[in-house]
Amino acid sequence: MNTTVAAVNSNGVYSFTKPNRASITLLAGLGVQGDVHAGVTVKHRSRVAQDPTQPNLRQVHFIHQELFAELREAGFEVAPGDLGENVTTSGIDLLALPAGTLLRLGDEAVVKVTGLRNPCLQIDIFRDGLLKQVVGRADDGTVVRRAGIMGVVVTGGIVRPGDQVRAELPAEPHRPLERV
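Residues numbered from 1 in each chain as written. Predicted model: local features only at pLDDT ≥ 70, side-chain atom pairs only at ≥ 80, totals over all residues. Heavy atoms only, no water.

A. A look at the nonpolar core. By size, the foremost hydrophobic cluster in this structure holds 23 residues, and its most contacted members are Leu26, Val60, Phe62, Leu103, Leu105, Ile149 and Val159. Elements that contribute at least two residues to this core include exactly β1 (4–9), β3 (24–27), β5 (60–64), β7 (102–105), β8 (109–116) and β11 (149–155). Looking at this core element by element, the count peaks at 4 residues for β8. Residues in contact with Leu105, not counting those within four places in the same chain, are Val5, Leu26, Phe62, Val111, Val159, Gln164 and Val165. Membership of the second largest hydrophobic core comes to 14 residues, among which are Ile63, Leu67, Val78 and Phe126. (Core = buried A, V, L, I, M, F, W, Y, C linked by side-chain atoms within 4.5 Å. Buried < 20%, exposed > 50% of the residue type's maximum accessible area, 1.4 Å probe, protein only. Helix = DSSP H or I, 4+ residues; strand = E, 2+ residues; numbered from the N terminus. Contact = heavy atoms within 4.5 Å.)

B. Focus on the sheet that holds β1. One open sheet holds the 8 strands; their spatial order is β2-β1-β6-β5-β11-β8-β7-β13, and the pairing between them is mixed. In this open sheet, the two strands that pair with only one neighbour each are β2 (20–21) and β13 (165–168). Bridge analysis of β8 against β11 gives 6 bridges, and the strand direction is antiparallel. Paired with Val113 across the two strands is Gly151, which belongs to β11. Running at roughly 55 degrees to β5, helix α2 (residues 65–73) makes contact with β1, β5 and β6 (87–90) of the sheet. (Pairing = 2+ DSSP bridges. Axes fitted to C-alpha atoms, helices over the stretch in contact; angles between N-to-C directions.)

C. Expanded view of a nonpolar patch on the surface. Among the surface-exposed residues, Leu27, Leu30 and Val40 lie close enough to one another that they form a single nonpolar patch of about 220 Å² accessible area. Mapped onto the elements of the fold, Val40 is located in the loop between β4 (31–32) and α1 (45–50). When its relative accessible area of 56% is taken as the criterion, Val40 is described as exposed. (Patch = residues over 30% accessible without salt bridge, like charges linked within 9 Å, V, L, I, M, F, W, Y side chains within 5 Å. Areas by Shrake-Rupley, 256 points an atom, 1.4 Å probe, with all protein chains shown as cover. Salt bridge = Lys/Arg side-chain N within 4 Å of Asp/Glu carboxyl O.)

D. Just the pattern of salt bridges, in detail. Tallied over the full model, the rule gives 3 salt bridges. Here Arg104 makes a salt bridge to Glu168, at a shortest N to O gap of 3.1 Å. Residue Arg104 is found in strand β7, and its partner Glu168 is found in strand β13; the two are separated by 64 residues along the sequence. Residue Arg104 is classed as partly exposed on the basis of its relative accessible area, which comes to 29%. Since its relative accessible area comes to 36%, Glu168 is described here as partly exposed.

E. View of the side chain of His44. With respect to the element layout, His44 can be found in the loop between β4 and α1. Residue contacts for His44: discarding those within four places in its chain leaves His37, Arg58 and Met150.

Below, the structure written as structure tokens:
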């Protein structure tokens, strides 16, 4: 299957959505150049309030484009960047990847997957009822998060729509993704 970058987004100010860009530049150890969430330590407001010295495991936010199609079927119009993601992918099951997977984007950039995005109530402010579509419960009662994954930049580079995405799994045993 062809796995590609469908869209890239960034925003230099705190805002729920991020505008589409022709390209983004990933900086090793920091995140997306010029994005409000870039940095060595946490930048998400809720994390900063808890402990601003925590390492930033949420430098780059990925969402799979296929989620938007599912949401559309449920009556929600959501486009790349609307949920604050930096990279929208196509053709790769991001949520099935184990922690520590390396995502190779385009010719140079490499991002190490750290965990699942834990969506907040801002999603319902954006579209009422959307949070229930991206966070639910499995039959056994465990929480299921579907709003994308987070990662840290290992190797910087420019990422553009149309770039290939290649996943390199870590050595076994694989650790399932948990919320970060």
